Amino acid sequence: MTDKSPLTLEDLPNSYIGRTIPRPNIRRLAEGRGTFTDDLTLPRMAHVAFLRSPYAHAEIKSIDTAQAETSPGVIRIVAGEEMSRYCTPWVGVLTHLKGLKSAPQFALAVGRVRWQGEPVVAVVAQSRAQAEDAVALVEVDYEPLPPVVDMETALAPETPVLHPELGDNLAFERVVEAGDVDAAFAEADAVAEEVLHFGRHTGVTLEPRVLVGDYNAGAGKLTVYMSTQSPHMMKNIFATHTGIDEDDVRVISKDVGGSFGIKIHTYPDDMATVALSVMLKRPVKFVADRLESFVSDIHARDHRVKAKIAVKDGKITAIEMDDLTGIGPYSVYPRTSAVECNQVLNLVGGPYDFANYRAVGRVVLQNKNIMCQYRAVGHPVAFGVTEALVDSAARAAGMDPAALRRNSVIPDDSYPYTAASGIKFEALSHQESLEKILKLMDYEGLRADQAKLRQEGVYRGIGLAAMIEVTNPSPMFYGVGGAHISARDGVTIRLDPTGGVTCATGVTEQGQGTEAVIAQIAASAIGVPIEKVRVVTGDTETTPYGGGTWASRGAGIAGEAALQAGRALRANILEVAGAMLQAEPDRLDIRNAAVVDADTGSERMTLADLGKTVYFRGNELPDGVSPELVATRHYSPRQFPFAFTNGVQACWLEVDPDTGFVKLLDFWVVEDCGTVINPQLVDEQIRGGVVQGIGAALYEHCIYDEDGNMRNATMADYLVPMAAEMPDITIEHVETPTGESVLGAKGVGEAGTAGAPAAVFNAINDAIGALGGKITAIPATPELILKALGKV
Amino acid sequence: MKPAPFDYAKPSTLEEAFDLLEAHGEDARVVAGGQSLLATLNMRLSAPSILVDISGLEALRGISAGSNVLRIGALTTHTELIASEEAARAAPLLRKAAVHIAHPAIRNRGTFGGSLAHADPAAEYPACVVALDATLEISGRDGSRRVAAAEFFHGLYETDLKPGELLAAVEVPVLQDGFRSGFGEFARRAGDFAMSALAAHGRFDGDEVHDLRLVYAGVDIRPVRANRAEAVLAGKAITRELVAEARSRLAEDLNPTDDLQAGGATKLLLSGVLLERVLSDMAGAR
Ligand SMILES: Cc1cc2nc3c(=O)[nH]c(=O)nc-3n(C[C@H](O)[C@H](O)[C@H](O)COP(=O)(O)OP(=O)(O)OC[C@H]3O[C@@H](n4cnc5c(N)ncnc54)[C@H](O)[C@@H]3O)c2cc1C
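Residues numbered from 1 in each chain as written. Chains lettered and ligands numbered in written order. Predicted model: local features only at pLDDT ≥ 70, side-chain atom pairs only at ≥ 80, totals over all residues. Heavy atoms only, no water.

Peer 1: Can you help me understand the overall build of chain A in this one?
Peer 2: The helix and strand tally for chain A stands at 19 helices and 29 strands. In summary, chain A has a C-alpha radius of gyration of 27 Å against a globular reference of 28 Å for 792 residues, a match within 12%. Taking the principal axes of its C-alpha atoms as reference, chain A extends roughly 85 × 70 × 45 Å. Out of the 792 residues in chain A, the part that is buried amounts to 65%. If you take every contact in chain A between residues at least 6 apart in sequence, the share linking residues at least 24 apart comes to 79%. For chain A, the computed accessible surface area is about 26,900 Å², with 49% contributed by carbon and sulfur atoms. Computing the positive centroid from 70 side-chain charges and the negative centroid from 102, chain A places the two 2 Å apart. (Helix = DSSP H or I, 4+ residues; strand = E, 2+ residues; numbered from the N terminus. Rg over C-alpha atoms; globule rule 2.2 N^0.38 Å. Buried < 20%, exposed > 50% of the residue type's maximum accessible area, 1.4 Å probe, protein only. Contact = heavy atoms within 4.5 Å. Areas by Shrake-Rupley, 256 points an atom, 1.4 Å probe, with all protein chains shown as cover. Lys, Arg positive; Asp, Glu negative; His and termini not counted. Charge placed at Lys NZ, Arg CZ, Asp CG, Glu CD.)

As structure tokens, this is what we get:
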């Protein structure tokens, strides 16, 4: 099963780092024996369904529940006012995002509804079906108000203000200015300008949001079973807003069927479910169904960017841009909805060496579904803008797009490096990665094919996209702004008298393989076969406090903690073994779950024997020996705010100019995420991410009408990328480990999503440029391409 | 979403089915493969009080080919139709179209009769049966009646079926010498409903085409014949120029409305491309 990769960290018989190891949980999941939160049934468990606003903006005049109360199975019906006594409202702001403002958001709308899909009334019944039956009988009298839909006019004086107490619809604004932008443009040899639109879309998790709130009045304890990325963060939020002591709240996350950033926010229906459990003193389950997921799970992107680039002497010298994004009616709590725009400003131009940068970002409120962080927050927009500009600049300067990139990427020997936007890079490999992908894809050969096929009326395009990714975030991301979101994560490793090893960690398993990675590292660090290792995640009461899964931090942060904890436990074991065997601990080693002579490798005692002696026959131990067969270590990056990764992606596709249909032919990725712990998991993260990025580029779009209603909120009309249309995705690596940790791993969870839209976008324009066409928006539907070609 | 509560009955004879449909009238809905109906129930777009499951009615099953007609029972699944060599010989258009319908899991349950009775404007089979000039056999309490496919589709999800009636089978004329079929479709992803699809059927005499039927799906509230385009081509040898001329008449034949995937103009353009591509395939297929 393991491949033949060279050992990269430690040359031990149990070195699993750098090897493809099948995930320990894969068989259980494949056999249908996963336990997802919806699989859970508790005694006296009730079910909640929500009546959601059919209007984007309306006054609630009255709510009549009389008929619904009599519907079979109904236990309780609750609306906004009553709910607010059990669950206090929240405001999604952070102090380090200066000027960010938002209004209090309630679990159930009070007075006004501000998006189509906002929960208004909760109906608790014996079954979900009965709850839905009763929801249909609740009568709400709404007085529709003019909706604010178009972000372009959200700040116009005649536009209604969503929250009168805020004064206007501007949630956040930021300006970045570096170098002398005007001079750089004045001196440029070539300048290109773009106005680009990035469609609103959402993360479609296979398992929807689901939770069971279980308030035990007798114990005064609240247990929440929840499909989440961040159990400890949710624990704090549930406690804060229900008034239960945080130490009496426990969050348990069982198997999670995908999350992508969807399951890390404070959702009103989730909060209401927990509050209902407190109110009713019994377990209450909420499972979002697909139809309500589309109008209640966070959306993302929806940016309009005007941008300009300058080139001098064949190299990028300046970028100027103006980003506008609409985030719905509230900044989402606790991470806020200013982060995507903030990231765009930080990341634009990220792969390139230039000093002159001016950027303005504005985040506006509107009557659409809430918007927040989804996989690769801001990245696809930032590199969509940057890479579109680079291709346009190459055209304007009469250069090959690969050549302009070659001249302009940050040289591999110039680190540490601070970008014009202020972000800091420890060590990246843009030059090496670019050369590698050009070779991998046979860039010159493709260009020749492209030219030849064009003679035959076949329009193919090559799209390149260089990118960087924010991973391993330090406290500078959220904690510094006042959010109770841990940047630190820990791993506790225990040796049992069986010789088995159990690791508990605060990072979580979303299906991405975190548990496999932790097991690999722990097994390698201690010196035991991986079969001996068990990993426990997703329970605030049994795992070390930590941040969970977000910003590609699991392997880099918890992985380092696992390495350090494993080494500490190993040292503890060797100390005991030394005392028992009357040997110097540093002359001993642990291999294949046995203590051996370091020099000869001959076995002295198995870890199981050692464990049995320690636990059962401690009397045999020499005096003064106090064995600690448990070790905990934590890790949080501190030298750099983030461990940036880098990569290049490339797409080869064909556009049918008669129909606007795009056929994806090939896709390549060269990625540098530092130390690769498990090549298969890393590559599948990249592939999955690329597919999601292709979704953004070609398919996924939350389409709203002028009344603020989402028109395609079903799986029939909201198009996710599907296997039949996907190209093969070939992946290679450059490894530049981060020096901040011993492990050297950076994250990789979002790289694919970050770069793929730009690669597809550029390839389409490369294909249709020959016909005078140019697209300026994604998703690039056949109709959009036909319009770009002037055919409709 | 969960459907509103409903009762369920599974008759084993036509008589029993008619009794149930009569007893419950408007409140009853027939369910065959359930691949269209169950979604509408789950979305609470409809809330019948009883489902009458016809999947146990043997009379509605099976494919049989005589010398002149191919008879396809309403309960034939998309998968069975794709697999049937008899059907492929007698009416090759159906297999060409069926592979565009949804995905294997749906094809394993969804039925030929259900698709026709459901009459989704973007479905493939309705256009095919019109192109093939098939006859639909409808059973009711008082016996059966036969309706030409062209008369069966009244509008958006509306057909000639009256309350209490079942679509029993479809009779398709067996492919005669000289006849050829063509099918083409544009959908955003494999298996999606068509943005535009064209079912074409006609007799070739050398390069000349006769008795041509061009029937579009996905562009109107029901399958539409492109009469004017057909007229341009009738009795003539298929050439690029002639097809271009036929294409230019399509705007008079079709009036596609905007939907979520594309505007009417795009759908008209795609329909024109289909005309060129499908005819060129047919003309090339000796
Ligand atoms: C994801 C997805 C994608 C799909 N894509 C396509 C596609 O691309 N093209 C396409 O054509 N279809 C598509 N379908 C629909 C599919 O083909 C259905 O199977 C078909 O439309 C209905 O057949 P059914 O047997 O499932 O009917 P049911 O869902 O059981 O019934 C549909 C309707 O027909 C009535 N009915 C069924 N049988 C009879 C009968 N014998 N007599 C009278 N009334 C009857 C029912 O009362 C009901 O009103 C798709 C479905 C899904 C879920």
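From this point, the narrative continues.
Peer 1: Before we go on, may I ask you to explain the interface of chain B and chain A in this structure?
Peer 2: Quoted interface sizes are often the accessible area lost when the parts come together. Every contact between the two is made by 24 residues of chain B and, on the other side, 29 residues of chain A. A buried area of about 2,300 Å², summed over both sides, lies between chain B and chain A, and 61% of it is on carbon and sulfur atoms. Among the residues chain B hides against chain A, the three largest losses belong to R188, R189 and L260 of chain B. Together they make up 34% of the total. As a salt-bridge pair, D133 of chain A and R44 of chain B come within 2.7 Å of each other at their nearest N and O atoms. Our count for the chain B to chain A interface comes out at 10 residue pairs in polar contact (both at pLDDT 80 or more). Per-element accounting of the side of chain B that touches chain A gives the leading share, 6 residues, to helix α12 (residues 264–284) of chain B. The class makeup of the residues in the side of chain B that touches chain A is 14 nonpolar, 4 polar and 6 charged. (Buried area = accessible area lost by both parts, 1.4 Å probe. Salt bridge = Lys/Arg side-chain N within 4 Å of Asp/Glu carboxyl O. Polar contact = N/O pair within 3.5 Å; in protein donor to acceptor, adjacent residues only side chain to side chain. Nonpolar A, V, L, I, M, F, W, Y, C, P; charged D, E, K, R; others polar.)

Peer 1: What am I meant to see in the sheet that holds strand β21 (residues 533–536) of chain A here?
Peer 2: Note on sheets: strands pair through backbone hydrogen bonds, and any given pair is parallel or antiparallel. Residues and elements named next belong to chain A. Spatially, 4 strands are ordered β21-β20-β19-β25 in an open sheet, and the strand pairing comes out mixed. Since the sheet does not close on itself, it has two edges, and those belong to β21 and β25 (630–635), each with one partner. Between one strand axis and the next, the sheet turns by 20° as a mean value, whatever way the strands run. The pairing of strand β19 (residues 489–495) with β25 spans 6 bridges and is classified as antiparallel. By the bridge assignment, V491 is partnered in β25 with R633. The strands touched by helix α14 (residues 514–526) are β19, β20 (501–505) and β21; relative to β21, the strand with the most contacts, the crossing angle is about 135°. On top of the sheet, helix α15 (residues 554–581) reaches β19, β20 and β25; it is set at about 150° to β25, its chief contact. (Pairing = 2+ DSSP bridges. Axes fitted to C-alpha atoms, helices over the stretch in contact; angles between N-to-C directions.)

Peer 1: Can you walk me through the nonpolar core in this structure?
Peer 2: Considering soluble globular proteins, one finds that nonpolar side chains tend to be buried as a cluster. All names here are of chain A. In this structure, F238 and I764 are the most contacted members of the largest nonpolar core, which totals 160 residues. Considering every element that reaches this core, the biggest residue donor is helix α18 (residues 751–768), with 11 residues. For this core, the domains that each give at least three residues are domain 2 (37–145 + 208–256 + 262–296) and domain 3 (299–474 + 639–788). Apart from residues lying up to four places away in sequence, I764 is in contact with L653, V655, V662, L698, I775, A780 and I785. Counting residues in each nonpolar core, the second largest holds 52 residues, with I521, I573, V576 and L629 among its members. (Core = buried A, V, L, I, M, F, W, Y, C linked by side-chain atoms within 4.5 Å. Domains from an automatic or database assignment.)

Peer 1: Any chance you could explain the site of the ligand here in plain terms?
Peer 2: Residues and elements named next belong to chain B. In the vicinity of the ligand lie 30 residues, with V30, G34, L37, T111 and E124 positioned nearest. A distance of 2.6 Å separates a nitrogen atom of the ligand from a polar side-chain atom of E124. Burial of the ligand by the protein amounts to 88% of the accessible area it has alone, namely 960 Å². Of all the secondary structure elements, the ones that give two or more residues to the shell around the ligand are β2 (28–31), α7 (112–118) and β10 (166–173). In terms of residues, the shell around the ligand owes the most to one element, α7, which gives 4 residues. (Near = heavy atom within 4 Å.)

Peer 1: So what exactly am I meant to see when it comes to the packing of helix α10 (residues 379–397) of chain A against α18 of chain A here?
Peer 2: In helix packing, the relevant descriptors are the interaxial angle and the interaxial distance, both defined with respect to the helix axes. Residue and element names in this part refer to chain A. Direction vectors running N to C along α10 and α18 enclose 35°, while the axes themselves pass 8 Å from each other. When the axes of α10 and α18 are compared, the crossing they make is right-handed. Residues H379, P380, F383, G384, E387, A388 and D391 of α10 form the contact with α18, whose participating residues are T753, A754, P757, A758, F761 and N762. For the contact of α10 with α18, the residue count by class is 7 nonpolar, 4 polar and 2 charged. (Left-handed = near helix turned anticlockwise from the far one by under 90°.)

Peer 1: I keep staring at a nonpolar patch on the surface and nothing clicks. Help me out?
Peer 2: Judged by side-chain polarity, L156, Y157 and I221 of chain B come together as a nonpolar surface patch covering roughly 280 Å² of accessible area. Structurally, the position occupied by L156 of chain B is in the loop between β8 (153–155) and β9 (158–159). (Patch = residues over 30% accessible without salt bridge, like charges linked within 9 Å, V, L, I, M, F, W, Y side chains within 5 Å.)

Peer 1: What am I meant to see in the sheet that holds strand β29 (residues 777–778) of chain A here?
Peer 2: Residue and element names in this part refer to chain A. The sheet built from 6 strands is open, its strands ordered β7-β15-β14-β13-β8-β29 with mixed pairing. Whereas interior strands pair on both sides, the edge strands pair on one side only; in this sheet they are β7 (170–178) and β29. One ladder, built from 8 bridges, connects β7 with strand β15 (residues 356–364); its direction is antiparallel. Paired with E177 across the bridge in β15 is R358. Along the sheet face, helix α9 (residues 339–347) touches β7, β13 (299–312), β14 (315–326) and β15 and points at about 170° away from the line of β15.

Peer 1: What's the story with the packing of α10 of chain A against helix α11 (residues 401–408) of chain A in this structure? I'm lost.
Peer 2: Residue and element names in this part refer to chain A. Viewed as axis vectors pointing N to C, α10 and α11 meet at an angle of 115°, and their least axial separation amounts to 8 Å. In terms of their interaxial angle, α10 and α11 are classed as roughly perpendicular. In terms of crossing hand, the pair formed by α10 and α11 is right-handed. Residues E387, V390, D391, A393 and A394 of α10 form the contact with α11, whose participating residues are P401, L404 and R405. When grouped by side-chain class, the residues that make up the contact of α10 with α11 number 5 nonpolar, no polar and 3 charged. (Parallel < 35°, antiparallel > 145°, perpendicular 65-115°, else oblique.)

Peer 1: Which parts of the structure should I look at to understand the pattern of salt bridges?
Peer 2: In this structure the tally under the stated criterion is 67 salt bridges over all chains. One salt bridge connects R460 of chain A with E654 of chain A, and the closest N-O pair in it is separated by 2.7 Å. On the criterion of sequence distance, the pair formed by R460 of chain A in strand β18 (residues 459–469) and E654 of chain A in strand β26 (residues 645–655) is long-range, its members being 194 residues apart. One salt bridge connects D489 of chain A with R553 of chain A, and the closest N-O pair in it is separated by 2.6 Å. With D489 of chain A in strand β19 and R553 of chain A in the loop between β21 and α15, this residue pair connects regions lying 64 residues apart in the sequence. With a relative accessible area of 0%, D489 of chain A lands in the buried category. In this structure, a network of salt bridges that share partners links the residues R52, R128, E132, D133, R209, D269, D270, D289, E292 and D297 of chain A together with R44 of chain B.

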